[in-house]
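# Examination of the molecular architecture
Listed below are the residues making up each chain.
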Number of protein chains: 2
Amino acid sequence: MSSLKVRDIGEQGLLKRLQSFCPADIIGDDAAVMQMSPGQSLVVTTDVLVDGVHFSDRTTSPSDVGWRAAAANLSDLAAMGATPLGITIGLGVTGDTAVSWVEQVYQGMTECLQQYNTVIAGGDVVRSPVITISITAFGEAFPHRIIRRSNAKVGDAIVVTGFHGASRAGLELLLHPELGKNLSEADRKSLIQAHQRPKPRLDILPTLWDILDYQSKIQNPKSKIELAGMDSSDGLADAVVQICKMSGVGGRIERSHIPIPQSLHNWISPEQAIKWALYGGEDFELVLCLPPEVAKILVKRLGNSAAIVGRITSDSDVRLVDAAGCYPEEVLSLIQGFQHF
Amino acid sequence: MSSLKVRDIGEQGLLKRLQSFCPADIIGDDAAVMQMSPGQSLVVTTDVLVDGVHFSDRTTSPSDVGWRAAAANLSDLAAMGATPLGITIGLGVTGDTAVSWVEQVYQGMTECLQQYNTVIAGGDVVRSPVITISITAFGEAFPHRIIRRSNAKVGDAIVVTGFHGASRAGLELLLHPELGKNLSEADRKSLIQAHQRPKPRLDILPTLWDILDYQSKIQNPKSKIELAGMDSSDGLADAVVQICKMSGVGGRIERSHIPIPQSLHNWISPEQAIKWALYGGEDFELVLCLPPEVAKILVKRLGNSAAIVGRITSDSDVRLVDAAGCYPEEVLSLIQGFQHF
C-alpha cells in the first residue's frame, strides 16, 4: 500500500481522486441530477459506519468494507421492492488515513454497485478524528409494488430467498482460522465470501413482478396483493419478528425448512447451525410474506435454496416449531441488536 | 438542559425519540418512500459536519447547528433549481452526548425544513467517538430548468439574490461581542441572525420560472435559456470564479454594485466590508448568470438587495473593477476553502 496520507493531498485532493469513481456527467455541481422512470416513487435509505464499531481491519479489507457498505444499502432498497439509482457517500477521514485505503474502499463500493447498474452520484469529504462512512442510497419503485414490513396478512406464506447462517460462519472462520478443519477449501471460501461480499437480492424483483403481473391477469384485478417483507440483515428471526410486530400478526416457522448451507452440517451441530441461521445476521437475504400460491411459484422459479419456511398466523407471537417433534416449540423474541452505547 | 445521556437510553432509545421529528407515514421500514412530481429529475446533495471542525458550542447553539446544517443542504438544492422533498440524517454520537442536545439539533433542522415544506425522511443513529452529522437532501427539478455551474455564456449578467458579508459580520460579533459598538441593537441582531439562521433562497425559484415562462412565450421558443449559477456558501468571489472556471469564460464584477448590508458601513471600512462580502462565505445567497433582459426583470421583481453585479466576458479571469476609478482592478482567484487536514 502506498504511504501517501490524506494530509499530504488535503481534502480537495482526495475529493478529486474519488471523483474518478463517479460518472463524469453527474459530478461537479452543487448536487447530482438523476433521471427517474415515469410513475415511480422515490425510495431512500441511509447508513452510517464508524471505524472500530462497524468495521475493522482485522476481518475486513478496505475493498470489502466498501462492498459491504454498498451491499447493505442496496439490500434495504431490495427489501422495499426498489431498483437502485445511485448512492451518495459522506466520508470523514483522519489526516493519517492512507489515500490508497480510501481508494480501495471506493473500489469495493464500485465493484458492488456495478453488479446492479448503480453509480456513486456524489459525496462529501471532511476531516474527522475517526473514519466515518455515511451512505445514502436512493432508488425507484412502482407505488403498488412497494414491500412494507406492515403488510403481512394471516395465511401468508413466509418465504426466504437464500441460505441463512453463511455470513456468521464466514466471520467465525475469519476470526478463528483454526476452526472448521472438516470443511473443503471450496466450502471455506464460499462461507468467507458470504461474509465479505454479500449479495443484495435485487435479482429476485423482476421474477416477483413477473409472477404478480400474471396473477393479477388471471385473478380479479381488484384483489390487490400487498407485499410484505424486509431484508435479513439483522438475522432471519429479527426479520420475521419485526414484520409480525409491524403487521399486528403472529407467525410459525418450521425449523427443518430453514435453508442452511450444507457445509455447516460438516462442521457444527444442528442446534448451532439453526442459531446462526436465525440470529447470525448479515446474510442480506429477503424475507417475504406472500399469498401461498404466489409463494409457491416464486420458490419454484428461484430454486437454489429459496424456501417457504412458515406462515403468518393470528397468534400474538412468532414460534419456531418442529414437525418431527424432536425439539420443543420456541418463542422467538425481538433481537434488540447490539446496544452500541 | 436535562442530564440524560445517550448511553442512558441507547442507540435504539435515541432513534425512537428522533422519529418523532419525522412524518409517521414515512418511517418504520427499510427505507423511506416519497412521491415525485411527473417528469421531474431527482437532485441529490450531501454534507458531513464534524464536531469541532464544522460546528462548535462557542458560537452555535444546538438548534442553530441543526438549522444551519439543513439550510446549507437546501441551499445546494436551490442552487440547482430544485425544490426539496426531504432529507436523511446519519448521526454519530458519543455515549456522553446529552439527549436534549441531539433533540435540539433536530428541532432546529425541523424549524428550517418546515419553512420549505420539507421533512426528515429517515436516518441512522450510531455510536461514534465524535459527534458527526451527515445530511443528504433530495429534491426535484424540471430537467430543462436545472441550474448548472457550467452554463454561463459571454454576455450574461451576473445576479446576486441578497446581501453579502452579513454572515461573516454576525460571526465576528459572536466571537467578539465587544466589537461593533456603533451598531444599533436591531442591526446587531440582524447580522447575528444572518449567521445563525441563514435562509436558503428557494423562494426565488417560482419568480424565476415565471419570468422564464413568459420569456419563452414572447421569444422564439427554440432559443432555450440555459441557466447558470451556484450558491455563495463559500463566498461570492468563489461562486463567480467557480462558475467561470466550469463554463470556460471570464467575468467582471463592479465593486460598487455588490449589495452590502447598510449596517456594515457604520462599523467597518469599505475595504473590509468588500472583503467580507467577497470572501466571508455562508451567506447562502444565489449567484446566477442570466441573459441581461431576464436578469433585469428578476432583480426588479425580487427587489430588496438583489442586484446585477457584473457580467460574463470572454476573458480568462474574473476581475473586480471600480467604475469610479478609486480602486485598481483586482483579479479574483479561486479560494481553495479551508484545507482541513
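Residues numbered from 1 in each chain as written. Chains lettered and ligands numbered in written order. Predicted model: local features only at pLDDT ≥ 70, side-chain atom pairs only at ≥ 80, totals over all residues. Heavy atoms only, no water.

## Re the overall build of chain A
Check the secondary structure of chain A and you find ten helices and twelve strands. Computed over its C-alpha atoms, the radius of gyration of chain A comes to 21 Å, within 12% of the 20 Å expected for a compact globule of 341 residues. Along the three orthogonal principal directions, the C-alpha set of chain A runs to about 65 × 55 × 35 Å. The buried share of chain A, reckoned over its 341 residues, is 59%. Here the contacts in chain A between residues at least 6 apart in sequence split such that 86% fall between residues at least 24 apart. When the accessible surface of chain A is split by element, carbon and sulfur atoms take 50% of a total near 13,900 Å². Between the centroid of the 30 positive side chains of chain A and the centroid of its 38 negative side chains there is a distance of 3 Å. (Helix = DSSP H or I, 4+ residues; strand = E, 2+ residues; numbered from the N terminus. Rg over C-alpha atoms; globule rule 2.2 N^0.38 Å. Buried < 20%, exposed > 50% of the residue type's maximum accessible area, 1.4 Å probe, protein only. Contact = heavy atoms within 4.5 Å. Areas by Shrake-Rupley, 256 points an atom, 1.4 Å probe, with all protein chains shown as cover. Lys, Arg positive; Asp, Glu negative; His and termini not counted. Charge placed at Lys NZ, Arg CZ, Asp CG, Glu CD.)

## Concerning the UniProt feature "binding site: substrate" (unreviewed entry) in chain A
Residues and elements named next belong to chain A. The feature "binding site: substrate" (unreviewed entry), as given by UniProt, occupies His54, Glu282 and Phe338 in the numbering adopted here. Not counting residues up to four positions away in its chain, the partners in contact with Glu282 are Arg68, Ser167, His195, Pro198, Ser232 and Ser233. Among the polar contacts made by the side chain of Glu282, one reaches the side chain of Arg68 at a distance of 2.7 Å. (UniProt positions renumbered as here; feature names shortened; annotations may be inferred. Polar contact = N/O pair within 3.5 Å; in protein donor to acceptor, adjacent residues only side chain to side chain.)

## Notes on the domain arrangement of chain A
Residues and elements named next belong to chain A. According to the domain assignment, chain A consists of domain 1 (6-143) and domain 2 (147-332). Just the C-alpha atoms count here: the centres of domain 1 and domain 2 sit 27 Å apart. Contacts between domain 1 and domain 2 engage 20 residues on the former and 20 residues on the latter. Area buried by domain 1 at its contact with domain 2 is led by Thr59, Arg68 and Tyr116, which between them contribute 30% of it. Summed over the shared surface of domain 1 and domain 2, the number is three salt bridges. For the salt bridge of Glu282 with Arg68, the shortest nitrogen-to-oxygen distance reads 2.7 Å. At the boundary of domain 1 with domain 2, the tally comes to nine residue pairs in polar contact (both at pLDDT 80 or more). No other element matches helix H2 (residues 62-78), which puts ten residues into the side of domain 1 that touches domain 2. When the residues that make up the side of domain 1 that touches domain 2 are grouped by side-chain class, the tally is eleven nonpolar, four polar and five charged. (Domains from an automatic or database assignment. Buried area = accessible area lost by both parts, 1.4 Å probe. Salt bridge = Lys/Arg side-chain N within 4 Å of Asp/Glu carboxyl O. Nonpolar A, V, L, I, M, F, W, Y, C, P; charged D, E, K, R; others polar.)

## What to know about helix H4 (residues 166-175) of chain A
Residues spaced three or four apart along an α-helix face the same direction, because each turn holds 3.6 residues. Those residues of H4(A) lying buried are Ala166(A), Ser167(A), Ala169(A), Gly170(A), Glu172(A) and Leu173(A). Among the structural elements, helix H5 (185-196), helix H8 (262-265) and helix H9 (270-279) of chain A are those in contact with the buried residues of H4(A).

## Remarks on the pattern of salt bridges
All names here are of chain A. A complete count under the given rule lists 32 salt bridges over all chains for this structure. For Arg197, the salt bridge identified is with Asp64, shortest N-O distance 2.8 Å. Here Asp64 lies in helix H2 and Arg197 lies in the loop between H5 and helix H6 (204-218), a separation of 133 residues in the sequence. Given the relative accessible area of 16%, Arg197 is considered buried. The network of salt bridges with shared partners includes Arg252, Asp317, Arg319 and Glu329.

## Side note on the packing of aromatic side chains
The description of an aromatic ring pair rests on the distance of the ring centres and on the angle between the ring planes. Residue and element names in this part refer to chain A. Inspection of the entire model under this criterion finds six aromatic pairs over all chains. Aromatic side chains Phe21 and Tyr106 sit 5.8 Å apart centroid to centroid with 50° between the ring planes, which places their arrangement in the tilted category. Taken together, the residues span a long stretch of sequence, with Phe21 in the loop between helix H1 (6-18) and strand E1 (32-34) and Tyr106 in helix H3 (residues 99-114) at a distance of 85 residues. The class of Phe21 is buried, set by a relative accessible area of 17%. Just above the ring of Tyr327 sits the side chain of Arg255; from NZ or CZ to the centre is 3.9 Å. (Phe/Tyr/Trp six-rings, centres within 6.5 Å; stacked < 30°, edge-to-face > 60°. Lys NZ or Arg CZ within 6 Å of the ring centre and 35° of its normal.)

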